[in-house]
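Close look at the chain arrangement
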Amino acid sequence: DLPSPVKTLSQIEFSNAVEKSDPILFTENPIISHTDFWDKIAYSIQTIFEYITMVFQPKGHYYYFGYDMLPVLPIQTPIIWLKAFVLIVLLLSAVVLFRKNKLYSFSIIFFFMSLIYCANIMTPVSGIIADRYAYIASLGACIAVACLLNELALLALKKFKNSSYDHFNTTSTIEIDFKSKTFLYFIVPVFCISLFYLPYNIDRSKDWKSLFSIFEADLPSITNLSYEANRIATKNYVETAIDSEDPQLREEYFRKGLKYGVNAMNIYNDGQYVQDGIIMSLYGLNDFISAVDFSRKVIAKFDTTEIGWRMLTDYYYQSGILDSAAMGYRKLIDLLPSDPNLYFFYTTTLQQNHQQEKALTFLDSLI
């Protein structure tokens, strides 16, 4: 029997079948679709402000944002002006505090400088924002908080010890009695901050136990907002299902691949590779008829879908519709001229359809 091209689905490099991020697509960052200069400035203001809230807000962090999780707002929107005001105040405070406490100034400037590359100013960033982008910048926030706690301790010393030193002078050598109220003024805020953030830290670390645990933790909150988050989940579930030898795991992951692929289509219906993932999920779940029917729809929209053509061509061959099968193989050769198996499939199908002369003519053209 002629080998089935669909039986080689596990050999398809589905990991390479992803939307390219160069150039970035609007599904990754909607600002790519806006050419107005002031729209870009407004989006940069929104982006930087999000990083400020992200540093101090323990919830709302996701493995991927993307369209439409931070919508593009025009520059005249009141919330943009309010966010811009907050950013300007922070930057001015760095200037004002420079003579009094250079660490404050350093922490603020360090924070903003660390975000320049990912602030959607110079170039749109994949995913709009990401907690990993804020990792370095968060050091600036940590320094600022440490300065503030130090300030509280010095103020406490001034109050309880009746010191006359300038509390902005952080270079003073001060003896702290660990049993005094002075030390409590320093340690209590540290303890409260740690106690507040610790449960969130533990919970988020648990979410990142594996790639799939982070999918299940984040997608319920963003499944109707981020096309890219669903696409990434679909891709990884299908890839893992294909490689798995555990029947139960294969079925579970193909079902999840199908689920998140459909979610992605509900957000954006023109993503080819998500729909390829749906085809593979249906086939992996042994729903061959649905896989073929969906392949027709995908081919009608994307004539270059390798997976769709393989599925449909195999269906034609198995059904004995050899003319259509031969046309499918010929199309696959155009798409994948470096796959030697397709030349065999095509010429053998022609021969079985009593078109031996056409097969020989094709082989002569290859020679």
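About the cut-offs
Residues numbered from 1 in each chain as written. Predicted model: local features only at pLDDT ≥ 70, side-chain atom pairs only at ≥ 80, totals over all residues. Heavy atoms only, no water. Helix = DSSP H or I, 4+ residues; strand = E, 2+ residues; numbered from the N terminus. Buried < 20%, exposed > 50% of the residue type's maximum accessible area, 1.4 Å probe, protein only. Contact = heavy atoms within 4.5 Å. Areas by Shrake-Rupley, 256 points an atom, 1.4 Å probe, with all protein chains shown as cover. Expected span 1.5 Å × (residues − 1). Polar contact = N/O pair within 3.5 Å; in protein donor to acceptor, adjacent residues only side chain to side chain. Salt bridge = Lys/Arg side-chain N within 4 Å of Asp/Glu carboxyl O. Core = buried A, V, L, I, M, F, W, Y, C linked by side-chain atoms within 4.5 Å.

Before going further, it helps to examine the overall build of the chain. Within the chain, the secondary structure is distributed over 14 helices and 0 strands. The linear arrangement of helices and strands in the chain, starting from the amino end, is α-α-α-α-α-α-α-α-α-α-α-α-α-α. A total of 367 residues make up the chain; the buried ones form 44% of that total. Considering only contacts within the chain whose residues lie at least 6 apart along the sequence, 64% involve residues at least 24 apart. Of the roughly 20300 Å² that the chain leaves accessible, carbon and sulfur atoms contribute 61%.

Here the focus is helix 8 (residues 247-267). When the terminal C-alpha atoms of helix 8 are compared, their 31 Å separation across 21 residues agrees well with the 30 Å that a helix rising 1.5 Å per residue should span. As for helix 8, its buried residues are in contact with helix 6 (211-222), helix 7 (227-243) and helix 9 (272-284). Capping the start of helix 8 is the job of one residue whose side-chain oxygen sits 3.0 Å from the backbone nitrogen of Q248: D246.

In this section: the pattern of salt bridges. All told, the structure shown has 13 salt bridges when counted by the stated rule. The partner of R296 in a salt bridge is D293, and the shortest N-O contact between them spans 3.2 Å. Separated by 3 residues within a single helix, R296 and D293 lie in helix 10 (residues 288-301), roughly one turn from each other. In this structure D293 comes out as partly exposed when scored by relative accessible area, which is 37%. In this structure, a network of salt bridges that share partners links the residues R204, D207 and D218.

As a rule of thumb, nonpolar side chains are buried together in soluble globular proteins. In terms of nonpolar packing, the biggest core is built from 80 residues, with Y51, Y63, F215 and L219 touching the most fellow members. Here the element with the most residues in this core is helix 7; it accounts for 8 residues. The contacts of Y63, once residues within four sequence positions are left out, are R132, R204, W208, I214, F215, D218, L219, A229, N230, I232 and A233.

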